[in-house]
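Understanding the architecture of this molecule
Here's the letter readout for the chains.
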Amino acid sequence: MCATDDNHVRDVPFATDIFDIPADSPARDLPDGFGFAGFRVMRPDLEPDWVSFLGASYFRTDGPEGQYGLSARGIAVNTGLDRPEEFPRFKAFWLGPPESDEEDLSVWAELDGPSVTGAYRFGLIRDGESGGHVTHVAAHLFLREDVERIGIAPLTSMYWYSERDRVTGLDWRPEIHDSDGLALETGAGERIWRPLRNPGGVATSSFVDENPCGFGLIQRDRTFENYQDDGVFYDRRPAAWVRPRNSWGRGAVQLVELPTNDETFDNIVAYWVPDEPVRRGDELFFEYDIEWRARDPEATDVATVVATRQGQGGIPGQPIPPDTAKMVVDFAGPALAGLDRESGVEAVLEVKNGDIVQPVSAYRVVGTDLWRMVFDFRQHDAGPVNLRGYLRNDGRALTETWLTDARTDLQ
Amino acid sequence: MKAAISRRSFVQLVLSGLAPVPFGLRAAAQPSDFDPDTLLVPTEGISGRWEPLVDLARQISTEEAQLPEPQLSGIFEGLDYDAYRAIRPAGLPLQRDDDSILMDPLPPGSVFSHPVSLSLIHGEQTFDLRFDPSIFEFGADYFTPESVAQAKDQDGDEGLGYSGFRLRAALNRPDKLDEFIVFQGASYFRAVARGLIYGLSARGLAIDTAAQEGEEFPLFTKFWIEAPEPKSHAVIVRALLDSRSCAGAFEFEISPGETTVMKTRCRLFPRREIDEIGIAPLTSMFFFGPSKRAGIDDYRDAVHDSSGLQIVTGTGRRIWRSLGNPPTLQVSAFTDENPQGFGLSQRQSSFDFYQDAEARYEKRPSCWIEPLDPWGRGSVVLIEIPVRTEFHDNIVAFWRPEAPLGPSDEGHEFQYRLHWSAVSPDTMQLGRVYAHRSGASINDPDQRVVVVDFRNDEAWPDGLQVDARANGSPVDTATLVHLPDGEGLRVAFNYEPGDTDTTELEITLMGPDGPASETWLYRLIRP
C-alpha cells in the first residue's frame, strides 16, 4: 500500500497500532509489515466509507443510497467452467491525487494471477452526475497463459429469489437479492432486460454484440415493501452500469448464474467476453466507467420491465393444465402513457424449445400505470424454454425487450 | 284496490307506463318475446310480514321438515359455470313509478338446484312471482334457438323454481344500476358497498359446521321482498329458513351505500337441541399471503378474501386473529359475554399487496357483525379448513351461544347488523396489525421467524413495550423497530416449536396507559 503525490511515493506500512483491536484478538500478535487485506475510503470527517477494495480483485461502492450491495472485480478468469475459476488479486495499491476536476481520488493497482497480470488505474468519483459514484477504469492486461474465458469488467451479485420465483423461498421475506436483472444497451441501441434466476445448475447465457453501449446488474425494484428487510435494506442496494470508453469490438455480454440457497454468497456474474481468443503473450487494453446508480440509465423512447412473475398455468376455476406455467411481465414508462385496451397494443413473443399457449394478453392494469403481458407456456424437453417479448403498437416497439430462460417447474 | 285489478289489466298498465302500478319489468332488460301476463300473482299464502312469518316458522318447526327437493331439468340441467352465467334475467323495479332499484330473479342451474319462492310486497298486497323461463335471456354462445324455444314452455309445474335473487341500485354512479346484494344457495347471501366487488359471504344460520357427521346447511326456502319507501333504497327482505334441525324467520333491512348495512333479526325454532349452532355466520377464503408463501406455485403475492378475524369483546378488548391455511382443520373458540362485534376483514387495500389484476382482492369487502341485543355467554368460533386453490371457501366465523338452543314456543331471537365495507367500523384509535409474515429462519431451519407489522393513524405513544407470548409464556427475544415509512412498527422474534404441534402466539404493544395496539393472535401449526 502506497500513497503518492505528483513527485513522491510513500509506503504505508502495516502496523497493529493503527487499528482498534479487541484485547483478546489474535490480530494483536500480527508482526509489523504483515500487510493489509485492502482499504476503504471514508467520506469527509470520517463519515461512513463509500468505496472499498477488499479481497482478490473485488471492489464496490455504497451507491446513491448509502448501502453496499453488488461488487465489481478487476478481471474474471474461467468463470462458470467445469474447473476452478482463477481469482487474480490486486497485490499492490497506490493512492494518489485525482487526474481531473470531477475525480476525487486515483488508485493504481497491480493485478497478479496464474494466467494474467495487469496494471490498473481507477479514477474514483463520489456522488457523480449520474446520481451515484462513478469508477473510471483503465486496465492493461498481460497474458501469461492461454485463457479459455476472460471476463472484462466483471460484476458480481446475489440473487436468491424474487417475485418471479417466490415459491422457492422458505424465508419470511418476500424477495432476497442484490440485483434483479441484467440490463443491456446493445451497440445497435436495443434495450434488453433479462431477469435473473436462481437456476438448478450453473447456467451461462451469452448476448452477442459489437461495441456495446452498456450493460449492468441492476436492482430495479426500489420498494421496501417488496423486500421487507429492515436490517440490510435490499431496496437501497446500487446497480452497477458498465459503459465502455474505448472500442471493445465483437464479443458477448455473458451472464453466469449459480444455484444458491442463501443470501450470503454471490451467485451472479456478468462480464464482457471478446470474440478473439486470448493467447499467452497477448496484451489487452480496456477502458470503461462503472456507474453505481439507483438503476440503469432511463430509456428515452421505450418503457421498461418493472416485474416478472411466474406461477402455475391455466384459467381460474378450471383444472390446472399439466406442464404449463404462467408468465406475467409488467412494464412501465412514459412510452405507454395515454394508451388503453382499445389502442391496439399487442404483445410480440418469440419462443424456442417450447410453446406459447394462446391467447397472449396485454393490458393496462386498472387503476395503475402498469402494462401487463400475460401468457402461459409449455416446455418441450428438459428445457429451458427461451422466451423473448415486448409490447408493440402501430409497428413500433413500446417497450424494451424482455427475455428469459424459463422452466415450467420452478421448484 | 290492487287485488281488484285483473292480471290482464295490471299488465296493460305496466306496459303503457301508467301509474299506479306496483311493479313492472324494466323495459331495457326485457326479452322481446317475454309475456309478463301471468308473472305476478296476488298471493294466496301469507303476507310475508314479520309476525305471520314468525308464526309460520314456529308452526313448521313442530312438524318434520318438508324441504324442497333439488330440481334441475331441461335447459337448466348440466350447465357449467360459463353457460349458467350466460343466462341473464330481466329486472323488476321494486318501487312505483321508479326503476331506480331492481330485483333480478336468478335462474336455476349449475350448483343452484334448490327452488326458492319469491314474493313481492307492495303496500297491503303481496304478489307471488311465478317461475317463468321467459324472464331469462339465454346467451347465443351457449344455447341454441331450439332449446331456448323449448325452455320457454318450461315452468314451475315441473318443480323448477328461481334459485335466488339479487338487487341493483345506483351504488357507484348515478347513471348505472350496480348489483349490491345477492341471496342464492342454501342460506347464503353476500353484499358489496361503494367501490367494492363481491368477496366473502354471510349465511342465515350454520349447524354442525366442521362436525364429523357432516355440516347441515339450512335453506332459505321463501323470500318476501318489500318495496322501499319512494326514493329510498332501504329494502326489507324477509325469509323463511328451514332445515332438518331448525326453522326460522329472518328479516333484513338493507341499505346500500359507502357501507352497506343490513339490520337483521332472526327468530329460530329448533326441532332438536342444537349444540353446534352458528349465529350470524360469515364464510370466506384464505389461500395464502405473506405469512406462508413458500411452496405455492402462483405468480401472485397473496390470495384471500379476508386476512383476519377481528373481535371487540364484551369488555372492549380489540383482537386481530390473522387467518391461516392450516395443514389440518382448525377450530378456535374465543369465549366472551355480550360481544360488541366481530367480523372477517380484508385490511390490505393496495393492488401491490396481491397483484391480481382480474380478481382484485384489494377491492373485496370486510363484513362486521354488530349485536343489537345482549347475546349472553358464548364464543366467537373460527374454523379454518386446508385448501389448495382459491375456489373453495375455507374460513367460517360465527357466534356460538354457550347453551344449546332447543325447541321453544317463543323461539330464540337474535338481532344484529351486518356492515359490508372496506374496513371494519371499529375505528377506535389503536395500533392495528397490517401484515403478518413468517418463514424459516436462515440461521436455524428448526426456528420460525415471526414478523408482525403494526400501523397507527396517529403518533405512537412514548415508552412502548412489546408483550409477546407463545402458549401463554412470555417471549423475551421480541424486538420492536420502526419501519422505513416512519409510521409502521415491526415486532419480530424467532420461535422454535420443538415438539409442540400447535402454538398460540399473541402480541400486544403496551403503552404507559395500557394497550397501544389491538392484540394480535395466531395459531402456529407445525407443518
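Treat the numbers as computed from the prediction; the structure is a model and nothing was measured.

1. Considering the overall build of chain B
Secondary structure assignment for chain B yields 5 helices and 36 strands. Computed over its C-alpha atoms, the radius of gyration of chain B comes to 25 Å, within 12% of the 24 Å expected for a compact globule of 527 residues. For the C-alpha atoms alone, the extent of chain B along its principal axes is close to 80 × 50 × 40 Å. The long-range fraction of contacts in chain B, counting pairs at least 24 apart against all pairs at least 6 apart in sequence, stands at 69%.

2. Quick notes on the overall build of chain A
Scanning chain A from N- to C-terminus turns up 0 helices and 30 strands. Rg of the C-alpha trace for chain A: 23 Å, near the compact-globule value of 22 Å for 411 residues, within the 12% margin. With the principal axes as the frame, chain A shows a C-alpha extent of 75 × 50 × 40 Å. Classification of the 411 residues of chain A by burial places 40% in the buried group. Considering only contacts within chain A whose residues lie at least 6 apart along the sequence, 64% involve residues at least 24 apart.

3. Brief notes about the sheet that holds strand β29 (residues 448-455) of chain B
All names here are of chain B. Here we have 4 strands laid out as an open sheet, ordered β28-β29-β33-β32, and antiparallel in their pairing. Lying at the two open borders of the sheet, with one neighbouring strand each, are β28 (432-440) and β32 (479-482). Going from strand to strand, the sheet's axes swing by 20° on average, the running direction of each strand aside. In this structure, β28 lies alongside β29, joined through 8 bridges in antiparallel fashion. For S438, the partnering residue across the bridge sits in β29 and is V450.

4. Brief notes about the interface of chain A and chain B
At the interface, 26 residues of chain A touch 27 residues of chain B. Those elements that place two or more of their residues in the side of chain A that touches chain B are β23 (304-312) and β24 (324-332) of chain A. Classifying every residue of the side of chain A that touches chain B gives 9 nonpolar, 9 polar and 8 charged.

5. Considerations on the nonpolar core
Counting 138 residues, the largest nonpolar core has F223, I225, A397 and F398 of chain B as its most contacted members. Tallying contributions element by element places strand β15 (residues 246-255) of chain B first for this core, with 6 residues. Beyond its immediate sequence surroundings of up to four residues, F223 of chain B is in contact with V116, L118, S119, F165, F183, V237 and A239 of chain B. Counting residues in hydrophobic clusters, the runner-up holds 86 residues, among them I150, A239, V242 and W402 of chain A.

6. Some remarks on the environment of N386 of chain A
Residue and element names in this part refer to chain A. Residue position: N386 is located in strand β28 (residues 385-393). C-beta crowding within 10 Å serves as the criterion here: with 15 such atoms nearby, N386 is assigned to the partly exposed category. Sequence-wise, N386 and T156 are 230 residues apart; in three dimensions their C-alpha atoms are separated by 24 Å.

7. Here's the deal with the domain arrangement of chain B
All names here are of chain B. Here the domain parsing of chain B yields domain 1 (7-262), domain 2 (278-403) and domain 3 (432-525). Put simply, the parts of the chain that give the side of domain 2 that touches domain 3 at least two residues each are β21 (318-322) and β22 (330-337). At 5 residues, the largest contribution of residues to the side of domain 2 that touches domain 3 is made by β21.

8. Concerning the domain arrangement of chain A
All names here are of chain A. In terms of domains, chain A is made up of domain 1 (37-293) and domain 2 (304-406). Here the C-alpha centre of domain 2 lies 29 Å away from the C-alpha centre of domain 1. In this assembly, 12 residues from domain 1 lie in contact with 12 residues from domain 2. Elements with a contribution of two residues or more to the side of domain 1 that touches domain 2: β16 (191-195) and β17 (203-210). It is β16 that contributes the most residues to the side of domain 1 that touches domain 2, 5 residues altogether.

9. Remarks on the pairing of strand β16 (residues 260-270) of chain B
Each regular strand carries side chains that alternate between the two faces of the sheet. All names here are of chain B. With 9 of its 11 residues buried, β16 lies for the most part within the structure. As paired elements, β15 and β16 share 10 bridges and run antiparallel to each other. Within β16, the residue paired with F252 across the bridge is T264. Hairpin remark: β15 followed by β16, antiparallel, with 4 residues in the connecting loop. Both β16 and strand β27 (residues 412-421) contribute to a ladder of 9 bridges, which runs antiparallel. From the neighbouring strand, L268 faces β27, where its bridge partner is H412.

10. Some points on the sheet that holds strand β27 (residues 371-379) of chain A
Residues and elements named next belong to chain A. Overall, antiparallel pairing links the 4 strands, which are arranged β23-β24-β27-β26 in an open sheet. Both outer strands of the open sheet, β23 and β26 (354-364), are each paired with one neighbouring strand and no more. If you compare each strand with its neighbour and ignore which way they point, the axes differ by 15° on average. Pairing of β23 with β24, which is carried by 8 bridges, proceeds in the antiparallel orientation. In the sheet register, V305 faces β24, and the bridge partner there is F331.

11. Section: the environment of R43 of chain A
Residue and element names in this part refer to chain A. If you trace the backbone, R43 turns up in strand β3 (residues 38-43). Taking the number of C-beta atoms within 10 Å as the measure of exposure, R43 has 14 and is therefore partly exposed. Spatially, the C-alpha atoms of R43 and T204 are 38 Å apart, while their sequence positions differ by 161 residues. Sequence-distant contacts of R43, that is, excluding residues within four places in its chain, are made with P48 and W50.

12. What about the environment of T519 of chain B?
All names here are of chain B. Topologically, T519 is positioned in strand β36 (residues 519-525). Separated by 87 residues in sequence, T519 and R432 have C-alpha atoms that sit 8.6 Å apart. Look past the residues within four positions of T519 in its chain and what remains in contact with it is R317, R318, I319, E506 and T508.

13. Here's the deal with the confidence of the model for chain B
In this model, chain B carries a mean pLDDT of 90, and residues with pLDDT of at least 70 account for 92%. In the model output, the complex is listed with pTM 0.87 alongside ipTM 0.79.

14. Regarding unusual backbone geometry
Residue and element names in this part refer to chain A. The linkage connecting Q358 with the following residue, P359, adopts the cis geometry, with an omega of 0°. Relative to the helices and strands, P359 resides in strand β26. Unlike most non-glycine residues, A153 shows phi in positive territory, near 55°. The exposure class of A153 is buried, given the 27 C-beta atoms found within 10 Å.

15. Points about the pairing of strand β19 (residues 239-244) of chain A
Residue and element names in this part refer to chain A. With respect to burial, β19 is a largely interior element, 5 of its 6 residues being buried. In this structure, strand β18 (residues 214-218) lies alongside β19, joined through 3 bridges in antiparallel fashion. Bridging from a neighbouring strand, G216 pairs with W241 of β19. Where β19 meets strand β22 (residues 283-293), 6 bridges bridge the pair, whose relative direction is antiparallel. Bridge pairing links P244 to Y288 in β22.

16. Comments concerning helix α2 (residues 50-61) of chain B
In this model α2 of chain B runs 16 Å from its N-terminal to its C-terminal C-alpha over 12 residues, within 8% of the 16 Å that 1.5 Å per residue would give. For α2 of chain B, the secondary structure elements touched by its buried residues are β14 (235-242), β15 and β16 of chain B.

Analysis parameters
Residues numbered from 1 in each chain as written. Chains lettered and ligands numbered in written order. Predicted model: local features only at pLDDT ≥ 70, side-chain atom pairs only at ≥ 80, totals over all residues. Helix = DSSP H or I, 4+ residues; strand = E, 2+ residues; numbered from the N terminus. Rg over C-alpha atoms; globule rule 2.2 N^0.38 Å. Contact = placed C-beta atoms within 7 Å. Buried ≥ 20, exposed ≤ 12 C-beta atoms within 10 Å, placed from the backbone. Pairing = 2+ DSSP bridges. Axes fitted to C-alpha atoms, helices over the stretch in contact; angles between N-to-C directions. Nonpolar A, V, L, I, M, F, W, Y, C, P; charged D, E, K, R; others polar. Core = buried A, V, L, I, M, F, W, Y, C linked by C-beta atoms within 7 Å. Domains from an automatic or database assignment. pLDDT = per-residue confidence, 0-100. Expected span 1.5 Å × (residues − 1).

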